[in-house]
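# Architecture and fold: a report
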Amino acid sequence: MTQPYENKSTCLHSVCLMVRTENALFTTRTSELLMCFFFFRCVHIGGALITGAAWSAMPVTSQLLRGLPRAKAFASSLLPCQHHQSHLCSLPALRGPSQTWQPHPAGRCYQTSSALHNYILTPPQVNSILKANEYSFKVPEFDGKNVSSVMGFESNQLPANAPIEDRRSAATCLQTRGMLLGVFDGHAGCACAQALSERLFYYIAVSLLPHDTLCELEASVEAGRALSPILQWHKHPNDYFTREAQSLYFNSLRTYWQELIDLTSPGDAPDTREALLNAFKRLDNDISLEAQVGDASAFLHYWVLRVAFSGATACVAHIDGPDLYIANAGDARAVLGVQEEDGSFSAHTLSNDHSAQNDSEVARIRSEHPHSERKTVIRQDRLLGLLMPFRAFGDVKFKWSIELQKRVLESGPDQLHENEHTKFIPPNYHTPPYLTAEPEITYHRLRPQDRFLVIGSDGLWETLHRQEVIRIVGEYLTGVHQRQPLKVGGYKVTLGQMQGLLEERKARMSSAFEDQNSATHLMRHAVGNNEFGTVDHERLSKMLSLPEELARMYRDDITIIVTQFNPHVIGAQRQEDESH
């Protein structure tokens, strides 16, 4: 049964005419619904409804959806993520508390998925989507032994934005010891996150080099000799480099190591904490400077401005033997999986979110600006009412003076003038900078019971609690499933339905480890978990079938890196250190 919606902010609801069936809420005529999305775009601005003109080709999350004219894609059981909001919101968000799609208010009842057969995607199709960006790396062994504290890592990404705004990086430091792993969550575009994924590890690696090695690098460049490699990258084929910018990036990096040569002396041992701090701050400064100077190449000029005016958070791990450092700026998160004596896993958080939920971060920002801005510097849990993370790279709109922004934009390429975001000045913008890329650095000395590290963008942590994340990964890696009491919450279930739930859980136990990648396995849970904490294939297939314009309403991009530690090597290293 359909009914009109008087609230214009729920315009999407009025487009999606729903009927309630016994099993779920499905679209009456999906082919007509898709036509509506092709030709109308509804945007809610200041309480007014603006309908965009004809879309000729709205992209969809999966090409598979194009061949399903009657696909039941928009079930009401798929509620948008209650916690997710866009990082940058210069306009009122389409979805708010009063705009959330709600199920029918009648009494809740649960029906087992065995009663539902109209899947949008088959299990092989779901696997194809989930595994498209997975990557695995195993640290090589020497003489049949792994002498590294890191056994290897597995990573994956699942886009919600088109294109995806998250990036990931992993590399081994060749001139020093250790491994670098990082997740970069972009906003207002992917340019800044892309730049970080290519550049930040080089800045960190150079910061860790001793004085003599820096001098050797500079001498090689002066003499025109080939440089000894600094990093060994571990990249998925989809993780690309911006080739046109490599010369610019190298010149900025070289200027940095030249300054380090002047500031250090022979025999100085770099400090890891200081190296991470300096690398973050210097790269953000270079991003800003490159945008101000511009470039003779029209492409590069436009690119450096795109990087500077977009933004990205960063969470990076540096692992060298038993020494683990986390450098975090923003709301990505690093959580350690610790195995207890009884075999269960507990979560040990190694980073703090830099957001309005962090009281110390709120106090820091307010202390850096006049008392007269106390009520405006943070509004609606956002920086100046706009930006959710309180630390980020790029985002020069929150760092430059208004005069500098106008001067750079006036001399910039025409394409930049077409971007409404770049021309927009944040409200109550009086005492910049309001934003910093300075990381918060955490040190942890690894123990044999520290089994793995999960680094994830906020898209993961918004869907799963950190303890649930660690439990899922721990059970996957060890093959030991800690059975939890079956929870049905406030749902009305019959004995027959309870039996169905138990049979489903038993079936899942036999196929729980079909994934060959722990990050993929975790992603499957993040997207497909139902109200009972188990993966529901129907829900998973529907979530992966949502058109790109709708997918962003339900979840964010998700990027995951799971690093597995070698407890035997860590234990031996600790004993060796203690003996000295």
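Parameters and conventions
- Residues numbered from 1 in each chain as written.
- Predicted model: local features only at pLDDT ≥ 70, side-chain atom pairs only at ≥ 80, totals over all residues.
- Heavy atoms only, no water.
- UniProt positions renumbered as here; feature names shortened; annotations may be inferred.
- Helix = DSSP H or I, 4+ residues; strand = E, 2+ residues; numbered from the N terminus.
- Buried < 20%, exposed > 50% of the residue type's maximum accessible area, 1.4 Å probe, protein only.
- Contact = heavy atoms within 4.5 Å.
- 1 Å grid on protein atoms, 1.4 Å probe; cavity = no way out; pocket = protein on both sides within 12 Å on 5 of 7 lines; lining within 4 Å.
- Points joined across faces, edges and corners; volume = space filled by probe spheres on them.
- Nonpolar A, V, L, I, M, F, W, Y, C, P; charged D, E, K, R; others polar.
- Phe/Tyr/Trp six-rings, centres within 6.5 Å; stacked < 30°, edge-to-face > 60°.
- Lys NZ or Arg CZ within 6 Å of the ring centre and 35° of its normal.
- Core = buried A, V, L, I, M, F, W, Y, C linked by side-chain atoms within 4.5 Å.
- Expected span 1.5 Å × (residues − 1).
- Polar contact = N/O pair within 3.5 Å; in protein donor to acceptor, adjacent residues only side chain to side chain.
- pLDDT = per-residue confidence, 0-100.
- Pairing = 2+ DSSP bridges.
- Salt bridge = Lys/Arg side-chain N within 4 Å of Asp/Glu carboxyl O.
- Axes fitted to C-alpha atoms, helices over the stretch in contact; angles between N-to-C directions.
- Arc of directions from axis to C-beta.

Under an unreviewed UniProt entry, the name given to the chain is [Pyruvate dehydrogenase [acetyl-transferring]]-phosphatase 1, mitochondrial, and the organism recorded is Poecilia reticulata. A UniProt comment under Function (unreviewed entry) is attached to the chain, and it reads "Mitochondrial enzyme that catalyzes the dephosphorylation and concomitant reactivation of the alpha subunit of the E1 component of the pyruvate dehydrogenase complex (PDC), thereby stimulating the conversion of pyruvate into acetyl-CoA." In its Subunit (unreviewed entry) section, the UniProt entry covering the chain states "Heterodimer of a catalytic (PDP1) and a regulatory (PDPR) subunit."

### What to know about the environment of N358
Along the chain, N358 falls in the loop between β13 (345-349) and α9 (359-367). What makes N358 buried here is its relative accessible area of 14%. Along the backbone, N358 and F390 are 32 residues apart, and their C-alpha atoms lie at a distance of 9.7 Å. With residues near it in sequence (within four places) discarded, N358 still touches N352 and D353.

### Topic: empty space enclosed by the protein
Using the criterion set out here, one finds four cavities of 30 Å³ or more in the structure. A volume near 60 Å³ is recorded for the largest cavity. Where the lining of the largest cavity is concerned, the elements lending two or more residues are β6 (150-158) and β7 (166-173). The biggest single contributor to the lining of the largest cavity is β7, with three residues. Classifying every residue of the lining of the largest cavity gives four nonpolar, four polar and two charged.

### Looking at the packing of aromatic side chains
Considering all chains together, one arrives at 13 aromatic pairs under this definition. Three or more aromatic residues link up through ring pairs in this structure, and these residues are F184, F201, Y202, W233 and F241. The cationic tip of K235 hangs over the ring face of F241; the distance from NZ or CZ to the ring centre is 4.8 Å.

### With respect to unusual backbone geometry
Most peptide bonds adopt trans geometry, and most residues besides glycine take a negative phi value. Of note, the amide linkage connecting A162 to P163 takes the cis form, showing an omega dihedral of 0 degrees. Assignment of secondary structure puts P163 in the loop between β6 and β7. The residue after P432, namely P433, is reached through a cis peptide bond having omega 5 degrees. Looking at where P433 falls in the secondary structure, it is placed in the loop between α12 (420-423) and β17 (440-445). At D381, a position not held by glycine, the phi torsion is positive, near 65 degrees. Mapped onto the elements, D381 comes out in the loop between β14 (378-379) and β15 (382-383). Located in the positive-phi region is L384, a residue other than glycine, with phi close to 55 degrees. Mapped onto the secondary structure, L384 falls in the loop between β15 and β16 (393-394).

### Thoughts on the nonpolar core
L200, F201, I204, L231, F280 and F393 are the most contacted members of the largest nonpolar core, which has 58 residues in total. Ranked by the residues each element gives to this core, the list is headed by helix α4 (residues 191-207), at eleven residues. L121, F345, F452 and V469 belong to the second-largest nonpolar core, a separate cluster that totals 34 residues.

### Things to note about helix α19 (residues 567-579)
The first and last C-alpha atoms of α19 sit 18 Å apart over 13 residues, in line with the 18 Å expected at 1.5 Å per residue. By the burial criterion, the buried members of α19 are P567, V569, I570, G571 and Q573. Contacts from the buried residues of α19 go to β17, β18 (450-456) and β19 (558-565). Among the residues of α19, the N-terminal cap falls to N566, whose side-chain oxygen and the backbone nitrogen of H568 are separated by 3.2 Å.

### Some details on the confidence of the model for the chain
Low pLDDT marks regions whose predicted coordinates should not be analysed in detail. This prediction gives the chain a mean pLDDT of 79; 71% of its residues lie at or above 70. Note on residues 1-119: pLDDT under 50 across the span, and 221 contacts to partners over four residues away in sequence or across chains. For residues 509-513, every residue scores under 50 in pLDDT, and the model assigns this stretch six contacts once sequence neighbours within four places are set aside.

### Some words on the pairing of β13
Strand direction decides the pairing type here: strand β12 (residues 333-339) and β13, joined by five bridges, are antiparallel. Looking across to β13, one finds that V335 is bridged to T349. Here β12 folds back onto β13, and the loop between the two strands holds five residues, one of which, G343, carries a positive phi near 95 degrees.

### Things to note about the pattern of salt bridges
Scanning the entire structure with this criterion turns up 19 salt bridges. The salt bridge involving R333 is made with D353; its shortest N-O contact spans 2.5 Å. You can see R333 sitting in strand β12 and its partner D353 sitting in the loop between β13 and α9, a full 20 residues away along the chain. For R333, a relative accessible area of 17% corresponds to the buried category. Here D515 ties to R524 by a salt bridge, and the two come within 2.6 Å at their closest N and O atoms. Each member of the pair D515 and R524 is classed as buried.

### What about the sheet that holds β6?
One open sheet holds the six strands; their spatial order is β5-β6-β19-β18-β12-β13, and the pairing between them is antiparallel. Each of the sheet's edge strands pairs with one partner strand only, and the pair in question is β5 (135-138) and β13. With strand direction ignored, the average angle separating the axes of adjacent strands in the sheet is 20 degrees. Of the pairings in the sheet, the one linking β5 to β6 comprises four bridges and is antiparallel in character. Across the sheet, residue F137 finds its bridge partner in β6, namely F153. Contacts between helix α14 (residues 466-478) and the sheet are confined to β12, β13, β18 and β19, with β13 contributing the most and set at about 130 degrees to the helix.

### Details of helix α10 (residues 402-410)
Of the positions making up α10, those classed as buried are L404, Q405, V408 and L409. End-on view of α10: buried residues confined to an arc of 125 degrees, all on one side of the axis. Relative to its buried face, α10 has exposed residues pointing more than 90 degrees away, namely E403 and E410.

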